[in-house]
Amino acid sequence: MNHNQLIQSALNEVERSNSIEDLELVRVKYFGKNGLITQELKTLSSLDTDKRKELGAKLNNLKKNFFSSLEDRKNKIESSEINLRLRKDFLDSTLPARENNLLEAKIHPINQTINEIVSILGGMGLMYEEGPDIEDDFHNFSALNIPKNHPARQMHDTFYIKNEEESYVMRTHTSPVQIRSLKKMPLPLRIFAPGRTYRCDSDITHTPMFHQVEGLVVDEEITFANLKWFIDIFCKTFFKKENLKLRFRPSYFPFTEPSAEVDINYTNESGKIILGEGTKWMEILGCGMVHPEVFKMSGIKKKVTGFAFGMGIERLAMLKYGMPDLRDFFDSDLKWLEHYGFSFLEETDLSWR
Ligand code: DAH
């Protein structure tokens, strides 16, 4: 093969290549370590000066042309590959969505219930507060008038977290937020604090983690009458039942005196619970007048009184929305969530008047 033919065939093969791999083969064939042109270049040194100059110029010129058309060809191949892929992967974004594939995200009933409580208690003038899930013994127990060895501690089935110097607990109720708020906020004070709580207890009606909301109102002349009015309005608004009856039943909590548990009336019609009707009672929350010891432990010097209340959010949700089993709340079962969950666009109607 003479040099002209060799040059021509090298350029032709580049032009005829249809893939990046083919191009690479052509490059190796002519310019690889043992490539046809590489070999020709190696023979240059044995030629005499005139011939070497002539052939050298020719081959170097070829090299430049070869690699620039190789680059051109490579670009062409790549862009045609992209075009091909674009045509193959074409997605008509104007097509209507397949309806049965539309999985609408839902708000978990716990979040929905908390949102409702935030609206109601916020509307009634209470400020949203939060406390930590991991509490120290002081805030969870001692400051709430539950000293060491107090029998009430046994009732709390506490998860303990041991640290070298101090023992911490997973808070067993939201009541420690009362202490934290009293310590840091100016008086008068009106707060509520929803959040997670933990007890080492698990059966049909108990889960190790659950939610409560705490309320605390402190001023110079807060009375039990204020508490009754407040709880009455809250329950009627939350359950949307103007005729709901409430019963304040004497009870005991270490951090309130006097203390009460509040029952609401209901009737059971062939297994279905109807609130605000009938003569049966069920308990929904605990409350009372803040114990003087709580004020003392929180460093309150001013002469004040206050009321406090605490309730379980799962229980409120179950009564309002009819879920039969507490444990389902935390199973992450999509079917359950689709059934009991709430739409983002659904408005919370809080009026009962
Ligand atoms: N902390 C109580 C519990 O977990 C509930 C409670 C009762 C809270 C009475 C209060 C209250 O603030 O006044 O059982």
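Above: the structure in question.
Since the model is a prediction, treat every value here as computed from it, not as a measurement.

Each value, and the rule that gives it
- The written sequence of each chain sets the order in which its residues are numbered from 1.
- Per-residue local features of the predicted model are confined to residues with pLDDT of at least 70, and side-chain atom pairs are confined, for both listing and counting, to 80 or more; whole-chain, interface and lining totals are unaffected and use all residues.
- The basis for every side-chain value is the complete set of non-hydrogen atoms in the structure, without hydrogens or water.
- Only DSSP runs of H or I with at least four residues qualify as helices, and only runs of E with at least two residues qualify as strands; both kinds are numbered from the N terminus onward.
- Whether a residue is buried, partly exposed or exposed follows from its accessible area with a 1.4 Å probe, protein chains only, as a fraction of its type maximum: under 20%, in between, or over 50%, in that order.
- Only heavy atoms enter the contact rule, under which two residues are in contact if any of them lie within 4.5 Å.
- Pairing between two strands requires that DSSP report at least two bridges joining them.
- Helix axes are fitted only over the stretch in contact, all axes being lines through C-alpha atoms; the angle between N-to-C directions runs from 0 to 180 degrees.
- Oblique is the label for every angle not falling under 35 degrees (roughly parallel), over 145 degrees (roughly antiparallel), or within 65 to 115 degrees (roughly perpendicular).
- Gly falls in the polar group here, along with every residue not listed as nonpolar (Ala, Val, Leu, Ile, Met, Phe, Trp, Tyr, Cys, Pro) or charged (Asp, Glu, Lys, Arg).
- Patches in this entry comprise residues that are over 30% relatively accessible and not in a salt bridge; like charges within 9 Å are linked, as are nonpolar side chains (Val, Leu, Ile, Met, Phe, Trp, Tyr) within 5 Å.
- The Shrake-Rupley method, run with a 1.4 Å probe, gives the accessible areas here. Residue values count only the displayed protein chains as cover.
- By definition here, a salt bridge exists when the distance from a side-chain nitrogen of Lys or Arg to a carboxyl oxygen of Asp or Glu is within 4 Å.
- As used throughout, the charge tally considers Lys and Arg to be positive and Asp and Glu to be negative, leaving His and the chain termini uncounted.
- We put the charge of a Lys on NZ, of an Arg on CZ, of an Asp on CG and of a Glu on CD.
- Definition used in this section: a nonpolar core is a set of buried Ala, Val, Leu, Ile, Met, Phe, Trp, Tyr and Cys residues joined via side-chain atoms within 4.5 Å.
- It suffices for a single heavy atom of a residue to lie within 4 Å of a molecule or strand for the residue to be listed as near it.
- Nitrogen and oxygen atoms within 3.5 Å of one another constitute a polar contact, given that in protein one can donate a hydrogen and the other can accept it, and given that sequence-neighbouring residues count only through two side-chain atoms.

Asks: Any chance you could break down the environment of G286 for me, citing the residues and the numbers?
Replies: Take G286: it is sitting in strand β10 (residues 280-290). Classification of G286 as buried rests on a relative accessible area of 13%. On a C-alpha basis, the gap between G286 and A260 in space is 5.9 Å, while along the polypeptide they are 26 residues apart. Sequence-distant contacts of G286, that is, excluding residues within four places in its chain, are made with F253, A260, E261, A308, F309 and G310.

Asks: So what's going on with the pairing of strand β6 (residues 209-219)? Which residues, and what values?
Replies: Counting buried residues in β6 gives ten out of eleven residues, a clear majority hidden from the surface. In terms of strand pairing, strand β5 (residues 189-198) meets β6 through ten bridges, oriented antiparallel. Each residue of the ladder has a partner; that of R196, found in β6, is H211. One ladder, built from eight bridges, connects β6 with strand β11 (residues 305-312); its direction is antiparallel. Within the sheet, the bridge partner assigned to D219 lies in β11 and is T305.

Asks: Which residues make up the side chain of S343, and what values go with them?
Replies: Of note, S343 is situated in the segment after α12 (334-340). Looking at S343, the relative accessible area reads 14%, which means it is buried. When near neighbours in sequence (up to four residues on either side) are disregarded, S343 contacts E104, K106 and I107.

Asks: Before we move on, can you summarise the packing of helix α2 (residues 20-31) against helix α4 (residues 49-88) with the specific residues and values?
Replies: Between two packed helices, both the angle of their axes relative to each other and the distance between the axes serve to describe the pair. Closest axis-to-axis distance for the α2/α4 pair is 10 Å, and the angle between their directions is 170 degrees. The pairing of α2 with α4 is recorded here as roughly antiparallel in orientation. In contact with I20, L23, V26, R27, Y30 and F31 of α2, α4 contributes L62, K63, F66, F67, L70, R73, K74, I77 and E78. Taken together, the residues that form the contact of α2 with α4 break down as ten nonpolar, no polar and five charged.

Asks: Before we move on, can you summarise a negative patch on the surface with the specific residues and values?
Replies: Negative charge collects at one region of the surface, where E15, E21, D22, E71, D72, E78 and E81 lie side by side. Of all the secondary structure elements, the ones that give two or more residues to the negative patch are α2 and α4. In terms of residue count, the dominant contributor to the negative patch is α4 (four residues). Tracing the chain through its elements places D72 in helix α4.

Asks: I'd like a rundown of the sheet that holds strand β2 (residues 134-136), residues and numbers included.
Replies: The strand order across the open sheet formed by three strands is β2-β4-β3, and the pairing between neighbours is antiparallel. Edge strands, defined here as strands with exactly one partner in the open sheet, are β2 and β3 (160-162). Within the sheet, the average angular offset between the axes of one strand and its neighbour, ignoring direction, is 35 degrees. Across three bridges, β3 lies against strand β4 (residues 167-170) in antiparallel orientation. Bridged to I161 within β4 is Y168.

Asks: Tell me what's going on with the nonpolar core, and back it up with residues and numbers.
Replies: Ranked by size, the top nonpolar core spans 43 residues in total, and within it L121, I231, F239, L285 and F309 carry the most contacts. Among the elements that take part in this core, helix α9 (residues 224-239) stands out by supplying seven residues, more than any other. Other than its neighbours up to four places away in sequence, F239 contacts L244, I264, L275, I284, L316, L319 and K320. Ranked by size, the runner-up nonpolar core spans 20 residues in total, among them L144, F255, V304 and A308.

Asks: So what's going on with the site of the ligand? Which residues, and what values?
Replies: The ligand sits among 15 residues. The nearest are H173, S175, R199, Q212 and E214. The backbone of A308 places a nitrogen or oxygen atom 3.2 Å from an oxygen atom of the ligand. F309 places a polar main-chain atom, nitrogen or oxygen, 3.3 Å from an oxygen atom of the ligand. Bound to the protein, the ligand loses 90% of the 350 Å² it would expose on its own. Of all the elements in the fold, those that place two or more residues in the shell around the ligand are β6, β10 and β11.

Nothing here speaks to function; it is all geometry.
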